[in-house]
Amino acid sequence: MKGRRSSSDSSSSSKTKKPQYSKFTQQELSACKPILTPGYVIGIFIIVGVIFIPVGIISLFASENVVEIVDRYDEGCIPPNYSDDMLAYIQNSDTNKTCTRSLKATKLMKSPVYIYYQLDNFYQNHRRYVKSRNDKQLWSKKHEDDTKNCAPEATSNGLSIVPCGLIAWSLFNDSYGFSIKNKMVKVSKKNIAWESDKKNKFGSDVYPKNFQNGVLIGGGKLNSSIPNKSCSLLDCM
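All values derive from a computational prediction rather than experimental measurement.

A. Region of interest: the confidence of the model for the chain. Of the residues in the chain, 87% have a pLDDT of 70 or more, and the chain-wide mean is 80. By mean pLDDT, helix α1 (residues 2-14) is the weakest element of the chain at 50, and helix α2 (residues 38-64) is the strongest at 91.

B. Fine view of a nonpolar patch on the surface. Taken together, the side chains of Leu36, Tyr40, Ile44, Ile47, Val48, Ile51, Phe52 and Val55 make up a nonpolar region of the molecular surface, amounting to roughly 790 Å² of accessible area. With respect to the helices, strands and loops of the structure, Ile44 is situated in helix α2. The exposure class assigned to Ile44 is partly exposed, which follows from its relative accessible area of 42%.

C. Looking closely at the side chain of Gln137. When you line up the elements, Gln137 lands in helix α5 (residues 135-139). With a relative accessible area of 1%, Gln137 lands in the buried category. Of the polar contacts made by the side chain of Gln137, one reaches the backbone oxygen of Ile161; its length is 2.9 Å. Side-chain polar atoms of Gln137 contact the backbone nitrogen of Cys164, separated by 3.0 Å. Apart from residues no more than four positions distant in its own chain, Gln137 is found in contact with His143, Glu144, Asp146, Thr147, Ile161, Val162, Pro163, Cys164 and Val206.

Conventions adopted
- Position numbers for residues count from 1 along each chain, tracking the sequence in the order it is written.
- Thresholds applied to this predicted model are a pLDDT of at least 70 for local features of residues and 80 or more for the giving and counting of side-chain atom pairs; totals over whole chains, interfaces and linings are not thresholded and use all residues.
- With hydrogens and water excluded, all non-hydrogen atoms of the structure serve as input to the side-chain values.
- Along the chain, pLDDT gives the predictor's confidence residue by residue, from 0 to 100.
- In this text, helices come from DSSP runs of H or I with a minimum length of four residues, and strands from runs of E with a minimum of two, each type numbered from the N-terminal end.
- A patch consists of residues whose relative accessible area exceeds 30% and which take part in no salt bridge; residues with like charges are grouped when within 9 Å of each other, and nonpolar side chains (Val, Leu, Ile, Met, Phe, Trp, Tyr) when within 5 Å.
- For every accessible area listed, the method is Shrake-Rupley and the probe measures 1.4 Å; residues are considered covered only by the protein chains on display.
- Salt bridge criterion: a side-chain nitrogen from Lys or Arg within 4 Å of a carboxyl oxygen from Asp or Glu.
- Accessibility here uses a 1.4 Å probe with only protein chains present; expressed as a share of the type maximum, an area under 20% marks a residue as buried, one over 50% as exposed, and anything in between as partly exposed.
- Polar contact is defined as a pair of N or O atoms within 3.5 Å, subject to the rule that within protein one atom must be able to donate a hydrogen and the other to accept it, and that residues adjacent in sequence are counted only when both atoms are side-chain atoms.
- In this description, contact between two residues means that some pair of their heavy atoms is separated by no more than 4.5 Å.

Below, the structure written as structure tokens:
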């Protein structure tokens, strides 16, 4: 019996999970522990400052050379008789909404000149607004009746809306024209959409259908003869 016990004890000891000794397993590797003395810290800040101060000066100089003109036209273009009810002016299809504004550049604006529009109190990151779209519908014609998550702009007169959802419904539809000394300036609307979006999100067989045909019009209309993939949303108006 004693012989059997000794053999079992030796077998259990040979199968131990104890790792072999090394400085790595025992965490005995040499380590660098610098002492941050005042002189050492001051030296680091001086080196960082010498490197980044010229970068800051160059960035400041570049930003000072940017010419930006901001013009708010929503109040100035409203006729006096509609000043108390701007929404009625926008919804009235009989009113002339052409407005001429004069902009003066204080410095020479080198090409290319970019044009942006700004909307206040329009929250595009609202959860309901962000979810109100259907990527499958935008990608393939066979999913044009798939209007899941597109409420409240999912159907109109019993038919599916393509593209559906609040994002497409609220398409900004103000148009611009620019002239210098009575000479029209051409504004290019090409390449304003992400190339990855046009390749991976919009199908070539998806055409606008039953769009902006409801009672309440949210924005601009799309050309039903042009697929979504062939143009950006602004080019299809």
